[in-house]
Amino acid sequence: MIKEENYSWNNWAGNQSCIAENYFEPETEEQIIEIVCFAEKNKKKIRVIGSGHSFSPIAISNEILVSLKNYRKLISVGKDSVTCQGGMYLHELYTILKANTLSFPNFGVINKQTVAGALATGTHGSGLKHRSLSAQIERLRMITASGDLLEINKETILKIGNKNLNILEAASLSLGSLGIVTEITLKCEPLFYLKSEESVIEFDEFLESMDDYAKRYEYFKAWWFPHTDKVYLFRAERVEKEQYSEKSKWENYTREQKDRDLQIDTLTTPLFIKSNADPSLIPEINAYCLDYFFTPRTKIGNSFEILVHDETIPMVVSEYGLPIPDGIHKKALKEFRDTLEHTEHKVHFPVDLRYTAAEESWLSPSYQKDTFYIGMCVREYREKKIHPSMQLFFDVMKKYNASPNWGKLSDLSKSELEERFPGINDFRELRNNIDPKGVFLNEFIKSIF
Ligand SMILES: Cc1cc2nc3c(=O)[nH]c(=O)nc-3n(C[C@H](O)[C@H](O)[C@H](O)COP(=O)(O)OP(=O)(O)OC[C@H]3O[C@@H](n4cnc5c(N)ncnc54)[C@H](O)[C@@H]3O)c2cc1C
């Protein structure tokens, strides 16, 4: 097992860093248990790092950091499920699924996270019929603070106080605070094919029609280009495999457009860097990028080709979920747009607008409610200090009681989180019961519980 002292680590975005007294890369479950027992005995705190794709300080630790990069094998693949070790990367898992003509019903945007890391924060895609990746979990295996192995499935009930709690719904989105997840079984479905249409509409028209689109299309999300009043729509529906041929893969997609798309990072990176020194350039950059790169097009592809994308330009991201039924989500989005128009703050594209179905994980922002997510980013910004335009976003989201995505940036207090996450008190009770000495805490997790 690799072991290092004073190990320096930073996340993908570069806005979170730490120096851990001890860093471990275990190769066996016995070694993982050994590390947990070492921490317990020496009164040290542990955090597991995945691929560092969270923007929040959720993974950092100045004491013990554990990476499962040497614990990422496939265990088995069946006709409708797959089992792997916690450190496997999503892109490795997706390659295995594709080779077995399997898929998940939905995906987060990129594939660079680890499986256990993506599940720990409730990584989600978009579509009103679909829940986060955590909802696909059938079974988890975890090493708890006492060094014990805990096997958790849908039937696992734990008696905590006078309550019998179904703990898969806690462990499926645990912020890495219940123990080290070593194995996961996820439910799959047969690989499917999608026809996706991309087009532009006006912001006001979008506000009117967004929920109808979300009901009409199984996969629907949108990118608002702030300061342009334009929204780029992504709509996709399932099609038969026969429609999937090289010839029909793309329509309205010229050679010239393809060349432009290949250049997007090279052409836009200097612009984003410049715009951080002079934010008044952002409206023009957003408008230019929309016109130049985001032309309407139709694609046919398998679920991975349509729903999963490559890593993007470095950025920091915040995302909040809002309930849909009473229209609060539209009011919050409109207020963010109106507020931006009346301040000097400028926001890079895209403001990411997504939908998910209600789910049961206690710490999910979509807990028992269909949810609309608004995500905003600041590109090429690597500071720990919250960017002023992101603070403005936090302030609007706070007014509407929006619930944060745990992997992204937010600024809510313990009591504000308690108001937004009804399952948080049960989760705290379970956490304290499984980890009474707080082995799996860092400052961020402490501030929540
Ligand atoms: C470019 C980009 C795109 C993104 N797109 C989306 C998106 O579409 N939807 C969305 O919801 N989110 C998205 N995210 C956020 C991302 O999916 C989450 O933050 C995810 O948790 C990152 O996974 P990771 O492997 O990098 O874990 P890390 O960020 O390293 O860690 C996240 C948490 O997982 C815990 N953890 C990791 N491994 C284990 C383990 N084995 N046992 C116990 N705990 C563990 C860590 O302790 C930590 O609490 C995106 C992030 C980036 C940078």
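The following refers to the structure shown. Every value quoted in this text rests on a predicted model; they were computed, and no experiment measured them.

Time to look at the pattern of salt bridges. For the structure on display, the rule yields 38 salt bridges. With its nearest N and O atoms 3.8 Å apart, the salt bridge here joins Arg141 to Glu183. Remark: Glu183 occurs in strand E12 (residues 180-187) and Arg141 occurs in strand E8 (residues 137-143); sequence separation between them is 42 residues. Each member of the pair, Arg141 together with Glu183, is buried. It is possible to trace a salt-bridge network through shared partners that takes in Glu29, Arg139, Arg141, Glu151 and Glu183.

As a further point, take the sheet that holds strand E20 (residues 351-356). Taken in spatial order, the nine strands make up an open sheet running E17-E18-E14-E16-E15-E20-E21-E19-E22, and their pairing is antiparallel. Both outer strands of the open sheet, strand E17 (250-251) and strand E22 (403-404), are each paired with one neighbouring strand and no more. Inspection of the sheet shows strand E14 (residues 193-202) paired to strand E18 (residues 297-302) by six bridges, in the antiparallel sense. Each residue of the ladder has a partner; that of Glu197, found in E18, is Thr298. Packing of helix H5 (residues 203-216) onto the sheet brings it into contact with E14, strand E15 (219-225), strand E16 (230-239), E20 and strand E21 (371-379), and relative to E14 it is tilted by some 160°. Those strands touched by helix H11 (residues 388-399) are strand E19 (315-323) and E21, and its axis lies near 10° from that of E19.

Now for the sheet that holds E8. One open sheet accounts for five strands, arranged E5-E6-E12-E8-E9; its pairing is antiparallel. Two strands lie at the open edges of the sheet, namely strand E5 (74-77) and strand E9 (149-153), each paired on one side alone. In this sheet, neighbouring strand axes are inclined to one another by 10° on average, regardless of whether the strands run parallel or antiparallel. Where E8 lies against E12, six bridges are found, and the strand directions are antiparallel. From the neighbouring strand, Met142 faces E12, where its bridge partner is Val181. Helix H1 (residues 29-41) rests against E8, E9 and E12 of the sheet, and its axis sits at about 55° to E8.

The rules behind these values
Residues numbered from 1 in each chain as written. Predicted model: local features only at pLDDT ≥ 70, side-chain atom pairs only at ≥ 80, totals over all residues. Heavy atoms only, no water. Salt bridge = Lys/Arg side-chain N within 4 Å of Asp/Glu carboxyl O. Helix = DSSP H or I, 4+ residues; strand = E, 2+ residues; numbered from the N terminus. Buried < 20%, exposed > 50% of the residue type's maximum accessible area, 1.4 Å probe, protein only. Pairing = 2+ DSSP bridges. Contact = heavy atoms within 4.5 Å. Axes fitted to C-alpha atoms, helices over the stretch in contact; angles between N-to-C directions.

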